[in-house]
Amino acid sequence: MSTHELYTIPAELSTWDVEMAGSSRFTWEYDDGRDRMLALYQKGKDKQWDSAKRIDWDLEVDPYNVLGIPDQTIAIYDTPLWNRMSPETRNEVRLHGAAWQFSQFLHGEQGAMICSAKIVESVPDLDSKFYAATQTMDEARHAETYARFLQEKVGLAYPINEHLKALLDSTLTDSRWDMPYLGMQVLIEGLALAAFGVMRDITTKPLPKQILAYVMQDEARHVAFGRMALRDYYRDLSETELREREDFVIEGCYLMRDRLRGRETWENLGLTAAEVEEAEEATEHSEYLRLFRSLLFSRIVPCVKDIGLWSPRLQQAYADMGVLDMAGQSLDALMKQDEDIADKLDEERFAQEETERHAEVAETIAQGME
Ligand SMILES: [Fe+2]
Ligand SMILES: [Fe+2]
């Protein structure tokens, strides 16, 4: 079935064309890769997995409760607007919220695939090209996975959010080779990773849990790549050049915090203009969402600090957003945890399959003896 049949708001039928900017670079030096980068490349190769095999697609998903989480996580929960809604409408709210969220993950993954392919082309060093090539494959697998999840399990999709699109556009139209890293690896992926993490940790449903945990296992490498490449490069940039990067980060962070909220779901659910405002207002004040929004910066802030964009101006911007504390998060610890969670999930599933197989064997033997 065409995805266009699943879009609840029609998506553009043509491709979205972003003009290419900058040079595709060849290098003839094949032998001076950084050890750390090559080690990451090796890991990228070793850890490829196939979503068709690793994920248990037979698991059922209830589209009206995709993640199996309490309604307290819904922005308008327990507001007069929510209390006026019929049980059917509330179900629609649950479905559309999840469809919107996973659709943005999907479009973001396609964006990540395109940005990493662009890095392959434009980055000057071969070791980074090698690594980015494995990331391109990772992102293809992620996009494939989220697309299948939406198509087979949720049955409803949203077009890309206009603000996410704007951020992707400014990331891709810049001819400086480090900008796709900064826009994609640091900002968009940082945000996505934090959102995946919250959902991975609160979902009670095994299928989304597998998807989120396995995707996050790969993302830990992507963040490490961005940090490594940018930390080396930014060490040698001038004040002015660093300032331009900081402006980009500050603007991008405000955009992600204030604009990526899914207003289109409220409009699409047939709420009146006044009710959409009411929903927006509730989103602004929801305690859960306030916490969620600040958690969204748990990966971005320490990463920005780590790559050396840490002027008083940037710190002030984070203080104004109320997320400066996140600078104390240990990225290494978070990423180690992401990898461990995925490994542990594999172990548990494998152990269970093992037990089931043993039981089956025992049963067969017993039948044979009878
Ligand atoms: Fe990804
Ligand atoms: Fe990624």
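Scroll up a little and you will see the structure.
Residues numbered from 1 in each chain as written. Chains lettered and ligands numbered in written order. Predicted model: local features only at pLDDT ≥ 70, side-chain atom pairs only at ≥ 80, totals over all residues. Heavy atoms only, no water.

(A) Main features of the side chain of Lys-153. Inspection of the secondary structure puts Lys-153 in helix H5 (residues 126-154). No salt bridge forms around the buried Lys-153; measuring N to O, its nearest opposite-charge neighbour Glu-152 is 5.0 Å away. Within polar-contact distance, the side chain of Lys-153 engages the backbone oxygen of Trp-57 at 2.8 Å. Here Leu-59 takes part through its backbone oxygen, which lies 2.9 Å from a polar atom of the side chain of Lys-153. Not counting chain neighbours up to four residues away, the residues in contact with Lys-153 comprise Trp-57, Asp-58, Leu-59, Val-61, Pro-63, Arg-148 and Leu-207. (Helix = DSSP H or I, 4+ residues; strand = E, 2+ residues; numbered from the N terminus. Buried < 20%, exposed > 50% of the residue type's maximum accessible area, 1.4 Å probe, protein only. Lys, Arg positive; Asp, Glu negative; His and termini not counted. Salt bridge = Lys/Arg side-chain N within 4 Å of Asp/Glu carboxyl O. Polar contact = N/O pair within 3.5 Å; in protein donor to acceptor, adjacent residues only side chain to side chain. Contact = heavy atoms within 4.5 Å.)

(B) Inspection of the nonpolar core at higher detail. The biggest cluster of nonpolar side chains holds 96 residues, and the ones touching the most others in it are Leu-182 and Tyr-318. Setting aside anything within four residues of it in sequence, one finds Leu-182 in contact with Leu-187, Leu-230, Tyr-234, Arg-245, Phe-248, Val-249, Ile-307 and Leu-309. The next biggest cluster of nonpolar side chains, apart from the first, holds twelve residues, and it includes Ile-76, Trp-82, Met-85 and Val-276. (Core = buried A, V, L, I, M, F, W, Y, C linked by side-chain atoms within 4.5 Å.)

(C) View of the coordination of the iron ion (ligand 2). In this structure, Glu-139 (OE), Glu-189 (OE), Glu-219 (OE) and His-222 (ND1) serve as the protein donors to the iron ion (ligand 2), at separations of 1.8 to 2.1 Å. Because the angles between the four donor atoms bound to the iron ion (ligand 2) fall within 87 to 160°, the donor set is best described as irregular. The distance between the iron ion (ligand 2) and the iron ion (ligand 1) is 3.2 Å, with Glu-139 acting as a donor to both metals. Taken together, the positions of Glu-189 in helix H7 (residues 179-202) and His-222 in helix H8 (residues 206-234) put the pair 33 residues apart, joining distant regions of the chain. Look at Glu-189 and you get buried, because its relative accessible area is 6%. Assessed through its relative accessible area of 0%, His-222 is described here as buried. (Donors = N, O, S within 2.8 Å, 3.2 Å for Na, K, Ca; no water. Tetrahedral: all angles 85-135°; square planar, octahedral: opposite > 155°, others 65-115°.)

(D) Region of the structure containing the packing of helix H9 (residues 239-259) against helix H14 (residues 312-321). With their axes 10 Å apart at the nearest point, H9 and H14 run at an angle of 10° to one another. When the axis of H9 is compared with that of H14, the two are roughly parallel. Facing Arg-243, Glu-246, Asp-247, Val-249, Ile-250, Cys-253, Tyr-254 and Arg-257 of H9, the residues of H14 in contact are Arg-313, Leu-314, Ala-317, Tyr-318, Asp-320 and Met-321. Counted by class, the contact of H9 with H14 contains eight nonpolar, no polar and six charged residues. (Axes fitted to C-alpha atoms, helices over the stretch in contact; angles between N-to-C directions. Parallel < 35°, antiparallel > 145°, perpendicular 65-115°, else oblique. Nonpolar A, V, L, I, M, F, W, Y, C, P; charged D, E, K, R; others polar.)

(E) Representation of the coordination of the iron ion (ligand 1). For the iron ion (ligand 1), the full set of protein donor atoms is Glu-109 (OE), Glu-139 (OE), His-142 (ND1) and Glu-219 (OE), and the range of their distances to it is 2.0 to 2.2 Å. Coordination geometry of the iron ion (ligand 1): the four donor atoms subtend angles of 89 to 134° at the metal centre, consistent with an arrangement described as tetrahedral. When the donor residues of the iron ion (ligand 1) are listed from N- to C-terminus, their spacing reads E-x29-E-x2-H-x76-E.

(F) Local environment of helix H6 (residues 162-172). Listing the buried residues of H6 in full gives His-163, Leu-164, Leu-167, Leu-168, Thr-171 and Leu-172. Put simply, Asn-161 is the residue that caps the front of H6, since its side-chain oxygen is 2.8 Å from the backbone nitrogen of His-163.

(G) Expanded view of a negative patch on the surface. Side chains of Glu-353, Glu-356, Glu-360 and Glu-363 sit close together on the surface and give a patch of like negative charge. Since its relative accessible area comes to 42%, Glu-353 is described here as partly exposed. (Patch = residues over 30% accessible without salt bridge, like charges linked within 9 Å, V, L, I, M, F, W, Y side chains within 5 Å. Areas by Shrake-Rupley, 256 points an atom, 1.4 Å probe, with all protein chains shown as cover. Charge placed at Lys NZ, Arg CZ, Asp CG, Glu CD.)

(H) Just the packing of aromatic side chains, in detail. For the coordinates displayed, the defined rule picks out 17 aromatic pairs. One aromatic cluster in this structure is built from Tyr-131, Trp-177, Tyr-181, Phe-225, Tyr-233 and Tyr-234. A cation over an aromatic ring shows up here: Arg-54 above the ring of Trp-49, its NZ or CZ 5.3 Å from the ring centre. Against the face of Tyr-214 rests Arg-54, its NZ or CZ located 3.7 Å from the ring centre. (Phe/Tyr/Trp six-rings, centres within 6.5 Å; stacked < 30°, edge-to-face > 60°. Lys NZ or Arg CZ within 6 Å of the ring centre and 35° of its normal.)

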